[in-house]
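Examination of the molecular architecture
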Amino acid sequence: MKAKLKDLAETIFIGMSLSGRSPAGTGRQTVRVVNIKDLAIGRMEGDNLNTVNIEALYKVDRYRLYEGDILMTARGTVFRSALVGSGFGHCIISSGVLAIRLSKKSPLSSAALYAFLESPEGIRAIQAVTRSATSQLTLTPSDIGEIIVPVPSLEVQEKIAILKDLSNRHYRATLQAAEMRRAITDEIINEMFGNANN
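Rules used in this analysis
Residues numbered from 1 in each chain as written. Predicted model: local features only at pLDDT ≥ 70, side-chain atom pairs only at ≥ 80, totals over all residues. Heavy atoms only, no water. Helix = DSSP H or I, 4+ residues; strand = E, 2+ residues; numbered from the N terminus. Buried < 20%, exposed > 50% of the residue type's maximum accessible area, 1.4 Å probe, protein only. Pairing = 2+ DSSP bridges. Arc of directions from axis to C-beta. Contact = heavy atoms within 4.5 Å. Axes fitted to C-alpha atoms, helices over the stretch in contact; angles between N-to-C directions. pLDDT = per-residue confidence, 0-100. Parallel < 35°, antiparallel > 145°, perpendicular 65-115°, else oblique. Nonpolar A, V, L, I, M, F, W, Y, C, P; charged D, E, K, R; others polar.

As a further point, take the environment of threonine 138. Of note, threonine 138 is situated in strand E12 (residues 137-138). The exposure class of threonine 138 is partly exposed, given its relative accessible area of 30%. The spatial distance from the C-alpha of threonine 138 to the C-alpha of glutamine 127 is 9.4 Å, given a sequence separation of 11 residues.

If you want it as structure tokens, here you go:
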């Protein structure tokens, strides 16, 4: 079975502009903002999120994230995406980020949709609906809604979700290990140069 993404989604939306006539920048309440830079290898990096002041939370409700939302770059040169986990309930997204929230009745899980959008077939589908003739990515909610998505059985979706999660975890661990080896090597080289000066 296949379906258009707009038929599976409760909503597809672009984040809030943080300039101009935006509700951001005024008021005493603070809300965390997810930007493109915060989307990293399948998850959001929530440790260093920017914050903005707003008058009232209800003014930014339409940009608010929920667990299971899928985020992707709406514009830029590099495609990034992430699946929203727990702990991001009072976060909003900036205008460079697009969010997909599946309907509660959707036969497709958020984790399976995320895996599809990250797959070569999903990337081709995204590139086919982009509005840019250059290498610059420009996506709108209506563009994304037109993507045709395969909907496998629930059993297959669960396997896909587990496989994608394990792959992302392994990839992140490999990058961290490489960064640690590089830092250790740099430290040793610095010590060796220091000893040469004695």
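With respect to burial, strand E11 (residues 97-102) is a largely interior element, 6 of its 6 residues being buried. Residues Val97, Ala99 and Arg101 line one face of E11 and the alternating positions Leu98, Ile100 and Leu102 line the opposite face, and both faces are buried. Relative to E11, strand E7 (residues 70-73) runs antiparallel, the two sharing 4 bridges. For isoleucine 70, the partnering residue across the bridge sits in E11 and is isoleucine 100.

Among the residues of helix H3 (residues 120-129), those classed as buried are Gly122, Ala125, Ile126 and Val129. The arc that holds the buried residues of H3, viewed along the axis, is 100°, so those residues lie on one side. Pointing more than 90 degrees away from the buried face of H3 are the exposed residues Pro120, Arg124, Gln127 and Ala128. Tucked inside the fold, the buried residues of H3 contact E7, helix H2 (110-118), E12 and helix H4 (141-145).

Before going further, it helps to examine the sheet that holds strand E10 (residues 91-93). Spatially, 3 strands are ordered E6-E3-E10 in an open sheet, and the strand pairing comes out mixed. Two strands close off the open sheet at either side, each with one partner strand: strand E6 (50-54) and E10. Pairs of neighbouring strands in the sheet enclose a mean axial angle of 45°, with direction left out of account. Sheet topology note: the strand E3 (residues 29-34)/E10 ladder contains 3 bridges and is parallel. In the sheet register, valine 33 faces E10, and the bridge partner there is isoleucine 92.

Ordered by their spatial adjacency, 4 strands build an open sheet running E2-E11-E7-E9, and the pairing between neighbours is antiparallel. In the strand order of this sheet, the two ends are held by strand E2 (9-14) and strand E9 (81-83), each with one partner. Within this sheet the neighbouring strands show an average axis-to-axis angle of 15°, counted without direction. Pairing of E2 with E11 involves 5 bridges; the strand directions are antiparallel. Bridge pairing in E11 places threonine 11 opposite arginine 101. Sheet strands in contact with H2 are E7, E9 and E11, and its direction is about 165° off that of E9.

Across the chain, pLDDT averages 85, with 89% of residues at or above 70. The weakest mean pLDDT in the chain belongs to strand E5 (residues 43-44) at 66; the strongest belongs to helix H1 (residues 5-8) at 96.

Between H2 and H3, the shortest axis-to-axis distance is 4 Å and the interhelical angle comes to 75°. Considered as vectors, H2 and H3 are oriented roughly perpendicular to each other. Only Pro120, Glu121, Gly122, Ile123 and Ile126 of H3 make contact with H2, whose side of the interface consists of Phe116, Leu117 and Glu118. Classifying every residue of the contact of H2 with H3 by side-chain character gives 5 nonpolar, 1 polar and 2 charged.

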